[in-house]
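The chain contents come next:
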Amino acid sequence: MTRRFNWSTLNRKDLIEQFWALHPKVTNTEITILKFHNTITRYLKKYLPIKVARKYDKKVSTNWIYVGGTYYSDLDQEGQKCIELVFVYSSLQDVIKIPLKRYKNICYVMADTILHELMHMHQYRSRKFKILPDYASTASKTKKRQEQEYLGNSDEIDAYGFNIACELLSKFKNNTEQVIQYLNEDQKGLRRKHNSWRMYLKAFDHDHDHPIIRRTKKKVIKYLPQAVIGKPYRNKDWINR
C-alpha cells in the first residue's frame, strides 16, 4: 500500500544520489536496452513504491533515453501504486551505451519527475480528488493549443514552478538573484540549453506579459526557498493534507 510509504523523506539531492549509485552497472558499457531497463527498474522498485514503464520511439536519438512520468489519481484513491516513471528508448537500436555525463542528467530528470508527480499526488489528495477545469488556449494551431492547455493547467504551473526553481538554482549555484534575472530576461532567439522555463517561454511565444508566464514566474520565485532544500513541502504530513 503506497499510503504507508513515507514520501516526506524524499528530497531532490538524496534522490539524485540514490539513482547515481547505480551508474557502475549501466554506464560506459554496451548493454541491451532490455537489460538496462530491467536493471534500473529493479533498482528503483527497491526504494520507491512506483510503477516503471518502457516505451520506444524512433524520434529518440541514439544512446539517449527520454524520461517522463504520470500520476494516476484513480489508483491513488484505491491505495495502489500511482506514480509511474516512463523510460522512452530509440526504436532503431537494441543495444545502448550511456556515457557518465548523460546518465547524471538522467538522474536529475528522474528525481525532478518523481517530485513533480508527488506534487500532483498532494494536489489531488488535498482536494479529495476533485479535477480542476483545464486552461482554455486560444492558439490557432492544434499542437500549440494542446501544449498551452497542458502547461497552463493550474496543477502543472504549481508542479513545474518547483521543478524550474530547482533547475535554475542548480544552474546558478543557489544564487537566487541570478535566477530572478534569468526569469526576467527576454530569451527569444537566444541559443541556450533547453530547460523547463524555456519550454514555457517557447509555448507562450516568449510573451512575458502572458498571464500563464506571469503566474509560472511567481510560482518559481515562491518555491525558491523550498528548492534550496529540494522539497516542495515543509510539513511531513503535507502529502496527505
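Note: the structure precedes this text.
Residues numbered from 1 in each chain as written. Predicted model: local features only at pLDDT ≥ 70, side-chain atom pairs only at ≥ 80, totals over all residues. Heavy atoms only, no water.

Ranked by internal contacts, the top residues of the largest apolar core, which has 68 residues, are F87, Y103, M110 and Y200. Tallying contributions element by element places helix α5 (residues 100-126) first for this core, with eleven residues. Once residues within four sequence positions are removed from consideration, Y103 is found in contact with F19, W20, L22, H23, V26, T27, I40, I98 and M110. (Core = buried A, V, L, I, M, F, W, Y, C linked by side-chain atoms within 4.5 Å. Buried < 20%, exposed > 50% of the residue type's maximum accessible area, 1.4 Å probe, protein only. Helix = DSSP H or I, 4+ residues; strand = E, 2+ residues; numbered from the N terminus. Contact = heavy atoms within 4.5 Å.)

Strand order across the open sheet formed by three strands is β2-β4-β3, with mixed pairing between neighbours. Only two strands of the sheet have a single partner each, and these edge strands are β2 (51-57) and β3 (65-71). The average undirected angle you get between the axes of adjacent strands in this sheet is 25°. Direction of pairing for β2 relative to strand β4 (residues 83-90): parallel, over a ladder of seven bridges. Paired with K55 across the two strands is V88, which belongs to β4. (Pairing = 2+ DSSP bridges. Axes fitted to C-alpha atoms, helices over the stretch in contact; angles between N-to-C directions.)

A few words now on helix α1 (residues 12-20). Taken together, the buried positions of α1 are occupied by R12, L15, I16 and F19. Each buried residue of α1 lies within a common arc of 100° when the element is viewed along its axis, so the set occupies one face. Put simply, N11 is the residue that caps the front of α1, since its side-chain oxygen is 3.2 Å from the backbone nitrogen of K13. (Arc of directions from axis to C-beta. Polar contact = N/O pair within 3.5 Å; in protein donor to acceptor, adjacent residues only side chain to side chain.)

With that settled, the discussion passes to helix α10 (residues 211-229). Since there are 3.6 residues in each turn of an α-helix, residues three or four apart along the chain are aligned in direction. The first and last C-alpha atoms of α10 sit 28 Å apart over 19 residues, in line with the 27 Å expected at 1.5 Å per residue. Of all the bends in α10, the greatest, near 50°, is centred on Y223, and the proline P225 appears no more than four residues after it. Along α10, the positions that sit buried rather than exposed are I212, I213, T216, K217, V220, Y223, L224, Q226 and A227. Next to the buried residues of α10 lie α5, α6 (142-151), α7 (154-171), α8 (176-184) and α9 (196-203). (Expected span 1.5 Å × (residues − 1). Bend = angle between axes of the 7 residues up to and from the residue.)

Here R145 is to be found in helix α6. On the accessibility criterion, R145 (27% relative accessible area) is partly exposed. Separated by 58 residues in sequence, R145 and A203 have C-alpha atoms that sit 9.0 Å apart. Setting aside its immediate chain neighbours within four residues, R145 contacts S137, A139 and S140.

This part covers the environment of Y160. Along the chain, Y160 turns up in helix α7. Look at Y160 and you get buried, because its relative accessible area is 13%. Considering only alpha carbons, one finds Y160 and Y124, 36 residues apart in sequence, at a separation of 16 Å. Among all residues touching Y160, those that are not within four sequence positions of it are H116, Y150, L151, S196, M199 and Y200.

In short, shape yes, function no, at least from these values alone.
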